[in-house]
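Examining the three-dimensional arrangement
Chain by chain, the residues:
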Amino acid sequence: MPPFLSVTGLVKQYRGSTHPAVQDLSFTLDEGEILVLLGSSGCGKSTTLRLIAGFERPDAGQILLRGRDLVAGKVPPERRGIGFVFQDLALFPHLTVSANVGFGLNTHNAQRADQIQSLLRQCGVGRLGDRYPHEISGGEQQRVALARAIAPANALILLDEPLSNVDAENRSALRQEIRRILKQAGRTAIVVTHDREEAFDLADRVAVMNEGRIEQAGPVEEVYHRPVSRTVATFLGPASFLRGTVSSEGVVCELGVLSVEAGGEIGRPVEILLRPQALSVTPDPNGIGTILGQTFRGASRVYHVRLASGTELRCAARPSVHLALNQRVSIHADFEQAAILPL
Amino acid sequence: MLALVVAAPIVAVGANLLEPRWDVWAHLASTVLGELALNTLWLLLGVGAGTALLGTGLAWLVATTEFPGRRFFDWALLLPMAMPAYVVGFVVVGLLDYAGPIQTGLRELLGPTFQLPDPRSLPMLVIVMSLVLYPYPYLLARTAFAEQTVDHMEAARALGASPWSAFRRVALPLARPAIVAGVALAMLEALGDFGTVSTFGYRTFTTAIYRVWFGMFDREAAGQLAAVLVVLAALVLLTERLARGRARFAQTHGRTMTTHLRSLRGRARWLAPLACIGVLLAGFVVPALTLIRWTLEAQASGRVADNLGSLAWNSIWLATVAAVLVVLAAVVLVYGIRLFPTWGLRAAARVATLGYAVPGSVAAVGVLLVLAAIDQATASVSQRLLGRTIEIFLVGSWISLLFAYLVRFLAPGFQTVEAGVGRIRPSLDEAARGLGRSPNGVFKEIHAPLLRGSLLTALVLVGLDVMKEMPATLLIRPFGMDTLAVEIWQRTTESLWVEAAPPALAIVVAGLVPVALLTRLRRHPTV
């Protein structure tokens, strides 16, 4: 069976720019899956979404939705059957919430009102049907935009930075809510964001984009723990990198020896990725690290430590641990959690 | 294509520059040219300084300080916009001249030899025009001040600047682009003004065009003079561009001046409203009351023109047809650019909307040059093809008048429609497309309802501009097609102030509509 959505060799270069926004991009998506495209601004993730929706035309490449070729068929956006949630939500200001949600429905019978009402209820805004978009809060607008996108029974929903207009405290709850609604409605979705928290909360699978290409794609945990590059690693969370060398026992570094099969010839330099929680510090006058500073995070504390070699590490500690500036510490690394990156 | 048609008259006038008629110039130079140039220059400088001072000062008071009556003055200060300059002009002359009520009253008090200086003077003319035209810089500067963040002012104060020097060194430079743009608009109005300067007997290029055209039936001289006006208008625009430079001050976030009004204390607290009242009295209340009194007087003595009804009718239908035409053209142009944003189309639109900077008399001359050429061409072509001459007489028909209005007023229509369309975010189009609408459906279901307000505003603004427009109407109206503005001009040239009052009052009342619209728009920024 062919994949639900398959994107192959997509290229898009905007007129007047020197670099293509999207270059040779390929991925597939299974039915019912939620894919998060994660990347910094300008990495081409929004362009990818707009190409799939049909608001832009690719210079090259193929987009197959349920086996139907959207690019070669020159299918206009209104015939693609794809729902889109815009960054600015794009609710029609002259229409009520109900009319906005009903905009994409082509039923004109008594069921229509019920259908709209049940969509609104499904998205948790059942009582707002008669209001106008400017009369409701940002979070509510967000839900209405989602309701409008899923109303026409579109199998694929695209969300472009959907939470950028919602304040931080409501964001997490709303993310869970969006995931629940999408799953309940049985929709496949692609979410574009630069916020890793959003990827953690929403994604079945995450694809990290950089300079118009997908650098790595996979389940969130896999990408977090086994990133293929420094860019991917830092994008998914705070990380420290340590130089190491391949030896007969494994990989040798300043903090000890990792007994892993790194592959390659003896003496090859590699980079070791260590997340803060894989590193712990204890006061030790003869330790190899010096405390440079700290960041209090409420539930945890992160110490910045400098090693003799000059390498700086981020080490997590319980908030109750107090270490003074310039204090010598010894560092224990849990190499089980480490990942080896080629250099 | 449409843009080209509209731009043609301006280009035609401009083309006059390419083939200067030295004989005409030699004659002009030996007679009036020096006087015209100096007069026009002084008028421009005077009005520029006057409106800059009034507009900026009042805008600063209203936008950043708190004093009794601030909310009222905020919109009331726009009222003089409803007054065409020529109306205030004849009211002031009527009130102040030797036979007017003020001098008569003073003579009764002080003896029959008492005499005030003649009100028909340059300083008085500048004051009158500044009082009516200051709302342009006021409106733009007010918004500019209101949108500035207090942070800049507070930063300046923290760095040791006094309030006055903080205003001079921070707030004023930040608002400068807006102020300059407003002053440029006011100067363009002054440059194109015909009614006021004729009432004051002050000769400028505009009056000269009229005299040359009607007095001497010399089209070439009129064309040459019009070309000079185009150059002057271009100079004003160019100065504005240069003064603006690369300055782009965008800062809309944060705590704005209007949310942190500075309360005035002591004497300033009472001087501020007094200044506003003074300007309002002189620029609106006194002229309006005088018009009402004179109208009543005219009615009592049976001196109201009996064709006032047909005059008003002429004004209204001309204004309506012209407004519809202009708005239609504007919609076509705006959507043309939105759908095909090519360099050529944008440039064409830019040229087509130049008309607003070009005085009405120039637009008229340009239209006549173009239409006369078409008349001649059809006549000679038909002569050659059919053996007989078909004369279509576009010149002097109401088509020529409508065409002139289109040339002159496409700019305000275009800008209003463009602003309306610009407010419709592209994502709305895309959202509607994504929900299954064709491009046509998007226009019908999203744009049409969202644009209704802008289109209506454009219609009203253009319609009233047409109603007030004097020189173009005078120059090319079909024979017997008299309007309110024409009637005012005819009465004022005979110094029949009382008789001129009824049609003037009608125009002022009509002029209040867009002012009301403007204040409403400012209070409820649309979605």
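Our subject is the structure that appears above.
Residues numbered from 1 in each chain as written. Chains lettered and ligands numbered in written order. Predicted model: local features only at pLDDT ≥ 70, side-chain atom pairs only at ≥ 80, totals over all residues.

Across its full length, chain B holds 23 helices and two strands. Out of the 527 residues in chain B, the part that is buried amounts to 46%. Across chain B, every contact between residues at least 6 apart in sequence was considered, and the portion connecting residues at least 24 apart equals 83%. (Helix = DSSP H or I, 4+ residues; strand = E, 2+ residues; numbered from the N terminus. Buried ≥ 20, exposed ≤ 12 C-beta atoms within 10 Å, placed from the backbone. Contact = placed C-beta atoms within 7 Å.)

The next point concerns the overall build of chain A. Scanning chain A from terminus to terminus reveals eight helices and 20 strands. Residues classed as buried in chain A amount to 41% of the 343 residues present. Residue pairs at least 24 apart in sequence account for 62% of intrachain contacts in chain A once pairs closer than 6 positions are excluded.

Between chain B and chain A, the residue contacts involve 15 residues of the former and 17 residues of the latter. Of all the elements in the fold, those that place two or more residues in the side of chain B that touches chain A are α19 (426-434) and α20 (439-468) of chain B. Top element by residues in the side of chain B that touches chain A is α19 of chain B. It accounts for six residues. A class-by-class count of the residues in the side of chain B that touches chain A yields seven nonpolar, four polar and four charged. (Nonpolar A, V, L, I, M, F, W, Y, C, P; charged D, E, K, R; others polar.)

With that settled, the discussion passes to the nonpolar core. Counting 147 residues, the largest nonpolar core has M187, L225, L229, V326, A330, V367 and A404 of chain B as its most contacted members. Among the elements that take part in this core, helix α10 (residues 163-192) of chain B stands out by supplying 14 residues, more than any other. Among residues more than four places away in sequence, those in contact with L229 of chain B are L191, F205, P359 and V362 of chain B. Membership of the second largest hydrophobic core comes to 103 residues, among which are F92, V97, V192 and A207 of chain A. (Core = buried A, V, L, I, M, F, W, Y, C linked by C-beta atoms within 7 Å.)

All names here are of chain B. Two elements in contact, helix α5 (residues 85-96) and helix α14 (residues 267-300), have axes separated by 10 Å at closest approach and are oriented at 75°. Here α14 runs roughly perpendicular to α5, going by the angle between their axes. Contact with α5, carried on its side by V87, V88, V91 and L95, involves P287, T290 and L291 of α14 and no other residues of that element. Across the contact of α5 with α14, the residue classes tally to six nonpolar, one polar and no charged. (Axes fitted to C-alpha atoms, helices over the stretch in contact; angles between N-to-C directions. Parallel < 35°, antiparallel > 145°, perpendicular 65-115°, else oblique.)

As a further point, take the sheet that holds strand β17 (residues 301-307) of chain A. All names here are of chain A. Strand order in the open sheet formed by five strands is β15-β19-β16-β17-β18, with antiparallel pairing between adjacent strands. Edge positions in the open sheet fall to β15 (279-283) and β18 (312-317), since each of these has one partner strand only. In this sheet, adjacent strand axes meet at a mean angle of 40° when their direction is disregarded. Pairing analysis gives seven bridges linking strand β16 (residues 289-296) to β17, with the strands arranged antiparallel. Each residue of the ladder has a partner; that of T290, found in β17, is R306. (Pairing = 2+ DSSP bridges.)

This part is about the sheet that holds strand β1 (residues 5-12) of chain A. All names here are of chain A. Pairing in this open sheet of four strands is antiparallel, and the strands run β2-β1-β4-β5 from one edge to the other. Edge positions in the sheet fall to β2 (22-29) and β5 (68-69), since each of these pairs with one other strand and no more. In the sheet, β1 pairs with β2 via five bridges, with the strands oriented antiparallel. Pairing of K12 across the sheet is with V22, part of β2.

For residues other than glycine, phi is negative in most cases, and the peptide bonds are mostly trans. Residue K74 of chain A is not a glycine yet carries a positive backbone phi of 45°. For K74 of chain A, the position within the fold is in the loop between β5 and β6 (82-85).

Next up on the list: the pairing of β17 of chain A. All names here are of chain A. Linking β16 back to β17 in an antiparallel pair, the connection comprises four residues, with G298 at a positive phi of about 80°. Inspection of the sheet shows β17 paired to β18 by six bridges, in the antiparallel sense. Within β18, the position partnered with Y303 by the bridge is C315. The antiparallel pairing of β17 with β18 creates a hairpin that spans four residues between the two strands, and G310 there sits at a positive phi of about 100°.

Attention now goes to the environment of V251 of chain A. Residues and elements named next belong to chain A. In this structure, V251 sits in strand β12 (residues 251-253). According to the C-beta neighbour criterion, V251 is buried, with 24 such atoms within 10 Å. Between the C-alpha atom of V251 and that of E271, which follows or precedes it by 20 residues, the distance is 9.6 Å.

Moving on: the environment of V326 of chain B. Residue and element names in this part refer to chain B. Turning to its location among the elements, V326 is positioned in helix α15 (residues 308-339). The class of V326 is buried, set by 31 C-beta atoms lying within 10 Å. Between the alpha carbons of V326 and L402 there is a distance of 9.3 Å; along the sequence they are 76 residues apart. Apart from the residues lying within four places of it in its own chain, the contact partners of V326 are Y405, L406, F409, L410, G413 and V462.

All names here are of chain B. One can describe the packing of helix α8 (residues 135-147) onto α10 by two numbers: an axis separation of 7 Å at closest approach and a directional angle of 155°. The angle between α8 and α10 falls in the class roughly antiparallel. α8 and α10 meet at a crossing whose hand is right-handed. The segment α8 lies against α10, with Y136, P137, L139, L140, A141, T143, A144 and F145 engaging A171, A175, A178, I179, A181, G182, V183, L185 and A186. Taken together, the residues that form the contact of α8 with α10 break down as 15 nonpolar, two polar and no charged. (Left-handed = near helix turned anticlockwise from the far one by under 90°.)

Residues and elements named next belong to chain B. By secondary structure assignment, the location of L44 is in helix α3 (residues 33-64). Once the C-alpha coordinates of L44 and E189 are considered, the two residues, 145 residues apart in sequence, prove to be 9.5 Å apart. Those residues in contact with L44 that sit more than four places away from it in its chain are M187, A190 and L191.

Moving on: the pairing of strand β4 (residues 60-65) of chain A. All names here are of chain A. Relative to β4, β1 runs antiparallel, the two being bridged by five bridges. In the sheet register, L5 faces β4, and the bridge partner there is L65. Bridge count between β4 and β5: two bridges; the pairing is antiparallel. The partner of L64 across the bridge, within β5, is D69. Between β4 and β5, which pair antiparallel and follow one another directly, the connecting turn spans two residues, one of which, R66, has a positive phi of 50°.

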